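Below are the chains, spelled out letter by letter.
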Amino acid sequence: MATRPARNCPVDSANYTSEDATLSGAFAPIVLQFRSTGTLVRCIVGDREILNATETMALVSRRLTAPERTARALLRRLVRAPAGPADDETLTGLGWSALSWRQAEGEDAAIQIVLFPRQAHSAAEERLNAILDNAADAIFVIDVNGLIENANPAAHALGGWPPGSLVGQPLTVLMSANDAHTHQVRVARYMETGSSGILNVGPRPLSLTRRDGGRVSIELSVGEATIGGAQKFIGVCRDIDERLRVDAALTLANQRLRQQVQELRTLGQDLTERKRDLQERTREAQAARQQAEQASQAKSRFMAIMSHELRTPLNGVLAVADALAKRPLPPAELEMAKLIKSSGDALLSILNEVLDLARVESGALSLDPTPIDLHQLVLTVGEIWRFAAEAKDLKLHIECVELPEAVLADGHRLRQVLSNLLSNAIKFTERGAVSLRASGDRNSDRVTFSVSDSGPGIAPCELQRLFEPFVQGDATTTRRHGGAGLGLAICKELVAMMGGDIRAEPGQQAGSTFTVDVTFPRASPAGQTPAPSASPGPIDFDPLILVAEDHPLNRRVIAILLDEAGLRYEFAEDGLSTVAAAASGRFDLILMDVHMPQLDGLEATRQIRALGGEAAATPIVAVTANASSEEIAECLAAGMDGFVGKPINAGELLSAVANTARVPHPRARRES
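In this convention, every chain numbers its residues from 1, walking through the sequence in written order. With pLDDT at 70 or above as the cut-off, local features in this predicted model cover only qualifying residues; side-chain atom pairs require 80 or more to be listed or tallied, and sums for whole chains, interfaces and linings still use all residues. Side-chain metrics in this entry use all non-hydrogen atoms of the structure; hydrogen atoms and water are not considered.

Draft legend 1. Quick peek at the overall build of the chain. A run of H or I in DSSP counts as a helix once it spans at least four residues, and a run of E counts as a strand once it spans at least two, with each numbered from the N terminus. The helix and strand tally for the chain stands at 20 helices and 24 strands. The rule is simple: take the accessible area with a 1.4 Å probe, protein chains only, and divide by the maximum for that residue type; under 20% is buried, over 50% is exposed, in between is partly exposed. Every one of the 672 residues in the chain was classed for burial, and the buried ones make up 38%. Element-wise, carbon and sulfur atoms account for 52% of the exposed surface of the chain, whose accessible area totals about 35,600 Å². Note on areas: Shrake-Rupley with a 1.4 Å probe; residue coverage comes only from the protein chains shown.

Structure follows, in structure tokens:
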């Protein structure tokens, strides 16, 4: 048999197995090429080409399992038949199908006929059906009369139709009356002019009418195909309802965020203008010192009030962003949620600094000394900032030398000072190392803390100004590293309240060193107060919580956090309704806003404690934006059991629930 590699074979038979060394397997198609006169030019099977007509007929006869005479008669009919699928009873009876087409006159092979076994065709149909049945998108096959010839399971599910019930239905059953009219006009124009405006132009947003009359937003792509010699239209639909909802929610959130950013910018400009006005008045009225001091205190009160009021919308931003970041969002949306959260945290840090500075300047901030372990406190602060240092490839050295075993000091405020100094050192150091050294004095109660870095250093003329509010080293540093310039000013005030001193000096070779000298009275080691745990304990019961909160946004925030934790709750919107609800004794914990209309949280707590019985023993946790030690003391004196600040942190809230809520007794479980 004379054979050679095939040229321009239009049939891919790479997936068929080999029958022998020359020809492909039993399922390989047979490609026959003829001149327009009916003369055989070549035969192609798999990757081989046969040029001998006698051997070609022998091959066709053998493959069709028919006499050679029958094969010759069959080929003559196929050569004379019109282009397209062949309708030949003999060929069908032999289990084969044929497809033919014509090329321009003068071509080497003007007529091509492909013979292929029906088994291969059936396998292809099975593969196609499997793809359609498992496709996530809805797929419709429509004839030129607008009737649905085929629809996959996703199409039936999208329209709310039982499986198979769409076949034979007009396509307009999936459209509203207006859409159906528009569709018919376009189909008529296409049949007349060949132009529709919707074929092969990419996905278009539309609305699909479900069987129950509901509407579904979809993206539709329409293409044209010839199936079995007949013109068909293929429609592919994708449900985009959820995507549109997410897009709308993100658009609204972005608009609100831009509005809040603008409000904060306006607030910042207002604060800056007020500060300049106060400074100018001080220079012009040195003789009126007392009046200038009163104006400064008024400024501090204004900053505190504005910081307090900003916490309510910021509370919503942080809680919603935190809840979104914990959900299985697409990467782009998740990144946006995390960006909102990190930006909100940065803003909260600035607000806390503003509030601390305002409290210090107005004399509202006081220290709360307790016995503490200095050595453990220094190590804890170092470990907190080690991750930030390692993220910049910086070495962090912590050293404790001859520290007293226990001293009487405000551990929270001391940690705040050391954390601020370490934060600045890491922030402004690009390479090298940062160190924190704490050393005691055998002959006195003085303790020295020093934080050194290998950063760019500080100009001598700037050293003293660094401890003034809203001041940083230079404008370039401010733009690059951010910050409001309040941290060192707060550190200076806190150290002064401790009876100590803070100073900045250039480093021996590079960078700078900040030193704090404080005298702490010695304390008994047995009286040390352990550091509070920030992680919530396990909630192994199902408490019912009463949330007393008058502001709608704060109620929504608390609802989001409690829903995320799977906890039950009810709301009361003022102090009077809170007392009335608590009197039932149904609740295992009350989250009490301190500032409410009609009856504030402090008085509501006193009245609940006076109820008697189980209701009077219900644990109460204060929830308020004023986190001063004075207000905490007032809450505890009124009979509250704990405190959670605003903006509300999910971990702190759940920790308060886990550590404070009482385990419901059996009767309370049954009644709830």
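Having seen it, we continue.
Draft legend 2. Fine view of the environment of L374. You can see L374 is positioned in helix α10 (residues 374-391). For L374, a relative accessible area of 0% translates into the label buried. Once the C-alpha coordinates of L374 and V447 are considered, the two residues, 73 residues apart in sequence, prove to be 9.6 Å apart. Only heavy atoms enter the contact rule, under which two residues are in contact if any of them lie within 4.5 Å. Excluding its chain neighbours within four sequence positions, the residues that come into contact with L374 are L403, P404, V407, L414, V447, F449 and F520.

Draft legend 3. Molecular detail of the sheet that holds strand β19 (residues 512-519). One requirement defines pairing of two strands: DSSP has to find at least two bridges between them. Strands sit in the order β14-β16-β17-β19-β18 across an open sheet of five strands; the sheet is mixed. Of all the strands in the sheet, just β14 (395-401) and β18 (501-506) have a single pairing partner and so form its edges. Taking the axes of each pair of neighbouring strands and ignoring which way they run, one obtains an average angle of 10 degrees across the sheet. As paired elements, β14 and strand β16 (residues 433-440) share seven bridges and run parallel to each other. Considered in β16, the bridge of K395 is made with A433. Only the stretch in contact is used when fitting a helix axis, every axis being a line fitted to C-alpha atoms; angles between N-to-C directions are given from 0 to 180 degrees. Packing of helix α11 (residues 411-428) onto the sheet brings it into contact with β14, β16, β17 (446-453), β18 and β19, and relative to β17 it is tilted by some 20 degrees. Docked against the sheet, helix α13 (residues 487-497) engages β18 and β19, running at close to 135 degrees with respect to β18.

Draft legend 4. Local environment of the packing of aromatic side chains. What counts as a ring pair is set by centres within 6.5 Å for rings of Phe, Tyr and Trp (its six-membered ring), and what kind of pair is set by the plane angle: stacked under 30 degrees, edge-to-face over 60, tilted for all other angles. Across all of its chains, the model carries one aromatic pair by this definition. Between Y569 and F571, the ring centres sit 5.5 Å apart and the planes meet at 65 degrees, which makes this aromatic pair edge-to-face. Owing to a relative accessible area of 23%, Y569 belongs among the partly exposed residues under this scheme. You can call F571 partly exposed: its relative accessible area is 34%. When the ring centre of F587 is taken as origin, the NZ or CZ atom of R586, which lies over that ring, is 4.9 Å away. Either the NZ atom of lysine or the CZ atom of arginine qualifies as a charge over a ring when it sits within 6 Å of the ring centre and within 35 degrees of the ring normal.

Draft legend 5. Molecular detail of the nonpolar core. L374, L414, L421, F449, V516 and F520 are the most contacted members of the largest nonpolar core, which has 42 residues in total. When residues of this core are traced back to their parent elements, those giving at least two are α10, β15 (407-409), α11, β16, β17, α13, β18 and β19. Per element, the largest residue contribution to this core is seven residues, and it comes from α11. Setting aside residues no more than four positions away along its own chain, L414 makes contact with I372, L374, L377, F449, M498 and F520. In terms of nonpolar packing, the next biggest core, distinct from the first, is built from 24 residues, L32, F34, I50 and A110 among them. Among buried residues, those of type Ala, Val, Leu, Ile, Met, Phe, Trp, Tyr and Cys that are joined through side-chain atoms within 4.5 Å constitute a nonpolar core.

Draft legend 6. Spatial organisation of unusual backbone geometry. One non-glycine residue, T65, lies in the positive phi region at around 50 degrees. Within the fold, T65 resides in the loop between α1 (53-64) and α2 (68-80). Of note in the backbone geometry, E402 takes a positive phi value of approximately 50 degrees without being a glycine. In this structure, E402 sits in the loop between β14 and β15. Residue E402 is classed as partly exposed on the basis of its relative accessible area of 44%.

Draft legend 7. Broad picture of the pattern of salt bridges. Should a side-chain nitrogen of Lys or Arg be within 4 Å of a carboxyl oxygen of Asp or Glu, the pair is scored as a salt bridge. Considering all chains together, one arrives at 24 salt bridges under this definition. Residue R42 pairs with E49 through a salt bridge whose shortest N-O separation is 2.6 Å. Judged by its relative accessible area of 9%, R42 falls in the buried class. The exposure class of E49 is buried, given its relative accessible area of 0%. The closest approach of N and O atoms between E242 and R245, which form a salt bridge, is 2.8 Å. With E242 and R245 both in helix α7 (residues 241-284) and three residues apart, this pair spans about one turn of that helix.

Draft legend 8. The arrangement of the environment of G500 in detail. The topology assignment puts G500 in the loop between α13 and β18. Through-space distance from the C-alpha of G500 to that of T519 is 6.6 Å; in sequence the pair is 19 residues apart. G500 has contacts with V495, D517 and V518, leaving out every residue within four places of it along the chain.

Draft legend 9. Seen up close, the environment of W96. Along the chain, W96 turns up in strand β6 (residues 96-102). A relative accessible area of 5% places W96 in the buried class. Between the C-alpha atoms of W96 and P117, which are 21 residues apart in sequence, the distance is 4.3 Å. With residues near it in sequence (within four places) discarded, W96 still touches A28, I30, R63, L64, L91, L115, F116, P117 and R118.

Draft legend 10. View of a nonpolar patch on the surface. Nonpolar side chains (Val, Leu, Ile, Met, Phe, Trp, Tyr) are joined into patches within 5 Å and like charges within 9 Å, using only residues with over 30% relative accessible area and no salt bridge. Nonpolar side chains collect at one region of the surface, where V144, V187 and M191 lie side by side and expose about 210 Å² of accessible area between them. Structurally, the position occupied by V187 is in helix α6 (residues 177-193).

Draft legend 11. Representation of helix α14 (residues 552-564) in the model. The end-to-end C-alpha separation of α14 is 18 Å, in line with the 18 Å expected for 13 residues at 1.5 Å each. Those residues of α14 not exposed but buried are N554, R555, V557, I558, A559, I560, L561 and L562. One fewer than the residue count of a helix, multiplied by 1.5 Å, yields its expected span.

Draft legend 12. Examining the sheet that holds strand β23 (residues 620-624) more closely. In spatial order, the strands read β21-β20-β22-β23-β24; together these five strands make up an open sheet with parallel pairing. Looking at which strands have only one partner, the edges of the open sheet turn out to be β21 (568-572) and β24 (642-645). Pairs of neighbouring strands in the sheet enclose a mean axial angle of 25 degrees, with direction left out of account. Where β23 and β24 come together, four bridges link them in parallel fashion. In the strand pairing of β24, V621 is matched with G642. The sheet strands contacting helix α15 (residues 575-582) are β20 (544-548), β21 and β22 (589-593), and the helix crosses β20 at an angle near 160 degrees. Contacting β22 and β23, helix α16 (residues 601-609) crosses the sheet at an angle of about 150 degrees to β22.

Draft legend 13. Summary view of the pairing of strand β9 (residues 148-151). Strand direction decides the pairing type here: strand β8 (residues 138-143) and β9, joined by three bridges, are antiparallel. Looking at the pairing, F140 lines up with A151 of β9. Following β8, the chain reverses through four residues before pairing antiparallel with β9; G146 in that reversal takes a positive phi of roughly 85 degrees.

Draft legend 14. Summary view of the packing of α1 against α2. α2 packs onto α1 with a crossing angle of 105 degrees between their chain directions and a minimal axis gap of 9 Å. One way to sum up the angle between α1 and α2 is to call them roughly perpendicular. In contact with M57, A58, V60, S61 and L64 of α1, α2 contributes E68, A71, R72, L74 and L75. By definition in this entry, angles of less than 35 degrees are roughly parallel, angles greater than 145 are roughly antiparallel, angles of 65 to 115 are roughly perpendicular, and the rest are oblique.

Draft legend 15. Representation of the pairing of β17 in the model. With six of eight residues buried, β17 lies mostly within the body of the structure. Hairpin connection of β16 to β17: five residues between the antiparallel strands. Pairing geometry for β17 and β19, over seven bridges, is antiparallel. Its bridge partner lying in β19, V447 is registered against V518.

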